[in-house]
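Below, each chain spelled out in residue letters.
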Amino acid sequence: MAVTVTKIPRPDRSLWVQSYVPEVMRGLSITSKQFFKNLFTKKDVVTIQYPEVKRDYPERYRGLHRLMYRDDGQVRCVACMCCSTACPANCIHIEAAEHDDTSIEKYPAVFVIDELRCIVCGMCVEACPCDAIRMDSGIHTHPFYERDTAFFDKPALLELGGPSVAHQGGDMKGVQGHH
Ligand code: SF4
Ligand code: SF4
């Protein structure tokens, strides 16, 4: 079997090349060209003046969590613990409580999410059978300067919440992707 040999010329090892001067000059010329192009034409500038200017988030962007309401204004969550069980970061803490009328589903007396520990995977939203927790608040998780402020409790999560489009009993008619 014939063996093909490809000859690769040796690199230019002249003193001029080994001094790096030509390559440094070439790099500087590319950088300068781009700098002046951005300075005078603002063409292809991808940075924005955040926070004065904000980008529109995509429809499915996962932002801060929120808890949804039932038709009667109560929190939809029934403290089933599906979300906290599914959470890979173990950052949801729920304490379930019973209504006086035990025929009514449970509710979360305590519902806290550690937003600093959250990895924004969305598993909690996927796991919830009641459309009780969502991440479509459109608010991205901001920096926290004190550790305690990263814990979002039930009132904070409800403040971002809203009425669910799901009907009681799990009927999701009218929700995109559900029939
Ligand atoms: S988004 Fe993921 S990490 Fe964050 S609370 Fe939900 S399940 Fe946990
Ligand atoms: S938010 Fe949903 S999954 Fe989590 S405990 Fe409440 S009902 Fe269950």
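What counts, and where the lines are drawn
- Residues numbered from 1 in each chain as written.
- Chains lettered and ligands numbered in written order.
- Predicted model: local features only at pLDDT ≥ 70, side-chain atom pairs only at ≥ 80, totals over all residues.
- Heavy atoms only, no water.
- Helix = DSSP H or I, 4+ residues; strand = E, 2+ residues; numbered from the N terminus.
- Rg over C-alpha atoms; globule rule 2.2 N^0.38 Å.
- Buried < 20%, exposed > 50% of the residue type's maximum accessible area, 1.4 Å probe, protein only.
- Areas by Shrake-Rupley, 256 points an atom, 1.4 Å probe, with all protein chains shown as cover.
- Phe/Tyr/Trp six-rings, centres within 6.5 Å; stacked < 30°, edge-to-face > 60°.

Description of the overall build of the protein chain
Part 1 of the argument: From N to C terminus, the protein chain includes five helices and five strands.
Part 2 of the argument: The helix and strand sequence of the protein chain, counted from the amino end, reads α-α-β-α-β-β-α-β-β-α.
Part 3 of the argument: Taken against the 2.2 N^0.38 rule, which gives 16 Å for 179 residues, the C-alpha radius of gyration of the protein chain at 28 Å runs more than 25% over that of a compact globule.
Part 4 of the argument: Overall, the protein chain is about 90 × 60 × 35 Å in size when its C-alpha atoms are taken along their principal axes.
Part 5 of the argument: Sorting the 179 residues of the protein chain into buried and exposed places 27% on the buried side.
Part 6 of the argument: Of the accessible surface of the protein chain, which amounts to about 13500 Å², a share of 57% is contributed by carbon and sulfur atoms.

Observations concerning the packing of aromatic side chains
Part 1 of the argument: All chains considered together, the criterion is met by four aromatic pairs.
Part 2 of the argument: Look at Phe36 and Phe40: their rings are 6.2 Å apart centre to centre, the planes differ by 10°, and that puts the pair in the stacked class. One end of the pair, Phe36, and the other, Phe40, are both in helix α2 (residues 21-41), four residues apart, so they sit about a helical turn from each other.
Part 3 of the argument: Assessed through its relative accessible area of 44%, Phe36 is described here as partly exposed.
Part 4 of the argument: Pairing Phe144 with Phe152 gives two aromatic rings, centres 6.2 Å apart and planes at 75°, and the pair type is edge-to-face.
Part 5 of the argument: Three or more aromatic residues joined by ring pairs make a cluster, and in this case those are Phe35, Phe36 and Phe40.

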